[in-house]
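Listed below are the residues making up each chain.
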Amino acid sequence: MKPLLLFLLLTATLHAQKTSTPAPSTQPPTATGTDTKQNLFRCTLPGGTYEVAVRAILAVASHEYTVDGVARVTEVNIDTAGSMLARFYYIEPATPNPPAGIGAATVEKAKQLFQEAAERSGQDAWKKVVKNYPATTHARTVEYRVTSKEQLTKIYTGAEEAFRLGKTVMIAVE
């Protein structure tokens, strides 16, 4: 009987050791639930910073239009599941294609004179976002102005990559 009692006591002790709480781990805890890292699209510009969770991007679009026959605007829009639309644009004087007898240098000179006249008049329209309240003020729209089409292309490419591939993209436009 003693050997049986000793066997049962040993079995109970071993079983208790197997089901006891393990020692604290030296490894950092893993992210679970809402603690997970999210992918972001972040664009830093001289006029501010735009950042959005990639999972919230619904559409990325680029288009061009002319305003009152005076300015040509190239625009990139990022539509999100939130309530804010991001708009990035490049604006330039609308210069027609030169006729056969007028050279590109003449058209470029006219464009330069137009920009200089706008600057002398105190209108900084070619350098930053300009809004005419209430006609051009759009609720829940954040706008950024860039100084070249190359910068705008960089923004579009980054936003489209984040949207299409679902990955973090961070760009800086200076």
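Residues numbered from 1 in each chain as written. Predicted model: local features only at pLDDT ≥ 70, side-chain atom pairs only at ≥ 80, totals over all residues. Heavy atoms only, no water.

One open sheet accounts for four strands, arranged β3-β4-β5-β6; its pairing is mixed. Each edge of the sheet is formed by a strand with only one pairing partner; in this case those strands are β3 (57–67) and β6 (141–145). If you compare each strand with its neighbour and ignore which way they point, the axes differ by 20 degrees on average. As paired strands, strand β4 (residues 71–80) and strand β5 (residues 85–93) are joined by eight bridges and run antiparallel to one another. Looking at β5, one finds that Ala71 is bridged to Pro93. (Pairing = 2+ DSSP bridges. Helix = DSSP H or I, 4+ residues; strand = E, 2+ residues; numbered from the N terminus. Axes fitted to C-alpha atoms, helices over the stretch in contact; angles between N-to-C directions.)

It is worth spelling out the pairing of β3 at this point. Here ten bridges tie β3 to β4, and the two strands are oriented antiparallel to one another. Directly across from Val60, in β4, lies its bridge partner Ile78.

Reading fine detail from the predicted coordinates is not recommended where pLDDT is low. Per-residue confidence for the chain gives a mean pLDDT of 75; residues scoring 70 or more make up 55%. Here residues 28–32 is modelled with pLDDT under 50, and outside its nearest four sequence neighbours on either side it reaches one contact, counting other chains as well. (pLDDT = per-residue confidence, 0-100. Contact = heavy atoms within 4.5 Å.)

Below, the discussion takes up the pairing of β6. Across the five residues that make up β6, a large majority, four, are buried. Two elements, β5 and β6, share five bridges in a ladder whose sense is parallel. Counterpart to Phe88 in the pairing with β6 is Tyr144. (Buried < 20%, exposed > 50% of the residue type's maximum accessible area, 1.4 Å probe, protein only.)

Spatially, β2-β1-β7 is the arrangement adopted by the three strands of the open sheet, whose pairing is mixed. Each end of this open sheet is capped by a strand with a single partner; those strands are β2 (48–53) and β7 (169–172). Going across the sheet, the axis of each strand differs from the next one's by a mean of 5 degrees, ignoring polarity. In the sheet, strand β1 (residues 40–45) pairs with β2 via six bridges, with the strands oriented antiparallel. Looking at the pairing, Leu45 lines up with Gly48 of β2.

Applying the stated criterion to the full structure yields three aromatic pairs. Ring geometry for Tyr50 and Phe88: centres 5.8 Å apart, planes at 80 degrees, overall edge-to-face. Taken together, the residues span a long stretch of sequence, with Tyr50 in strand β2 and Phe88 in strand β5 at a distance of 38 residues. What makes Tyr50 buried here is its relative accessible area of 2%. The exposure class assigned to Phe88 is buried, which follows from its relative accessible area of 0%. Between Phe88 and Tyr144 the ring centres are 5.2 Å apart and the planes differ by 15 degrees, which places this aromatic pair in the stacked class. With Phe88 in strand β5 and Tyr144 in strand β6, this pair connects stretches of sequence that are 56 residues apart. Counting every residue linked through ring pairs, the aromatic cluster contains Phe41, Tyr50, Phe88 and Tyr144. (Phe/Tyr/Trp six-rings, centres within 6.5 Å; stacked < 30°, edge-to-face > 60°.)

Quick look at the nonpolar core now. Counting residues in each nonpolar core, the largest one holds 25 residues, and the members touching the most others are Phe41, Cys43, Leu45, Tyr50, Ile78, Phe88 and Ile155. Those residues within four positions of Leu45 in sequence are excluded, and the remaining contacts are Phe88, Tyr144, Val146, Ile155 and Val173. (Core = buried A, V, L, I, M, F, W, Y, C linked by side-chain atoms within 4.5 Å.)

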